[in-house]
Amino acid sequence: QVQLVESGGGLVQPGGSLRLSCAASGSRFIIYTMGWYRQTPGKQRELVATITTDGSTNSPDSVKGRFTISRDNPKNTVYLQMNSLKPEDTAVYFCYAGVPFTKTTYWGQGTQVTVSS
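A brief structural summary. Source: prediction; values computed, not measured.

Strand order in the open sheet formed by 4 strands is 1-3-8-7, and the pairing between neighbours is antiparallel. Every other strand in the sheet has two partners, leaving strand 1 (3–7) and strand 7 (67–72) as the edge strands with one partner each. Going from strand to strand, the sheet's axes swing by 15 degrees on average, the running direction of each strand aside. Of the strand pairs in this sheet, strand 7 and strand 8 (residues 77–82) are connected by 6 bridges, and their pairing is antiparallel. Counterpart to Thr68 in the pairing with strand 8 is Gln81.

A separate point is the pattern of salt bridges. Opposite charge on two side chains allows them to pair when their charged atoms are near. Per the counting criterion, the structure on display carries 4 salt bridges. Between Glu46 and Arg38 there is a salt bridge whose closest N-O contact spans 2.7 Å. On the basis of relative accessibility, which here comes to 38%, the residue Glu46 falls in the partly exposed class. The closest approach of N and O atoms between Arg66 and Asp89, which form a salt bridge, is 2.7 Å. Taken together, the residues Arg66 in the loop between strand 6 (57–58) and strand 7 and Asp89 in the loop between strand 8 and strand 9 (91–99) connect sequence positions 23 residues apart. Grouping residues by exposure puts Arg66 and Asp89 together as buried. Among the charged side chains, a network of salt bridges with common partners joins Arg38, Glu46, Arg66 and Asp89.

Turning our attention to the packing of aromatic side chains. The final tally for this structure, using the stated rule, is 4 aromatic pairs. Their ring planes at 75 degrees and their centres at 5.2 Å tell us that Tyr37 and Trp107 sit as a pair that is edge-to-face. You can see Tyr37 sitting in strand 4 (residues 33–39) and its partner Trp107 sitting in strand 10 (residues 104–107), a full 70 residues away along the chain. Relative accessible area serves as the criterion here: at 21%, Tyr37 is assigned to the partly exposed category. On the basis of relative accessible area, Trp107 is assigned to the partly exposed category, the value being 37%. Taken together, the ring pairs connect Tyr37, Tyr96 and Trp107 into an aromatic cluster. Its end group placed over the ring of Phe94, Arg45 keeps NZ or CZ at 3.7 Å from the ring centre. Its end group placed over the ring of Trp107, Arg45 keeps NZ or CZ at 4.6 Å from the ring centre.

The rules behind the values
Residues numbered from 1 in each chain as written. Predicted model: local features only at pLDDT ≥ 70, side-chain atom pairs only at ≥ 80, totals over all residues. Heavy atoms only, no water. Pairing = 2+ DSSP bridges. Helix = DSSP H or I, 4+ residues; strand = E, 2+ residues; numbered from the N terminus. Axes fitted to C-alpha atoms, helices over the stretch in contact; angles between N-to-C directions. Salt bridge = Lys/Arg side-chain N within 4 Å of Asp/Glu carboxyl O. Buried < 20%, exposed > 50% of the residue type's maximum accessible area, 1.4 Å probe, protein only. Phe/Tyr/Trp six-rings, centres within 6.5 Å; stacked < 30°, edge-to-face > 60°. Lys NZ or Arg CZ within 6 Å of the ring centre and 35° of its normal.

Shape descriptors only; they carry no functional weight alone.
Set out below in structure tokens:
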């Protein structure tokens, strides 16, 4: 069973920055994809950014140029550097991990990011 421990959420003013971290533990197999999704009340969870073990990334246009995802493979830790934050970035951010060998996905408990003046 994979455990995901997130940290780094909080309250920030528009234009500010935050860095989220997520550490995975307990996997016997390669965690090929790690990343972040976010969700606001009444809406579906949406992709923020993902990164594979070989460094390939995926993110929507809404965060390109502002958010940067990175990964420390030996530590099974993924980071999300969020710059130029906007009020519409306010959401609960969930860490994601995908283990292809077992065809299993895992989710963190979520961390609140609030962008407000």
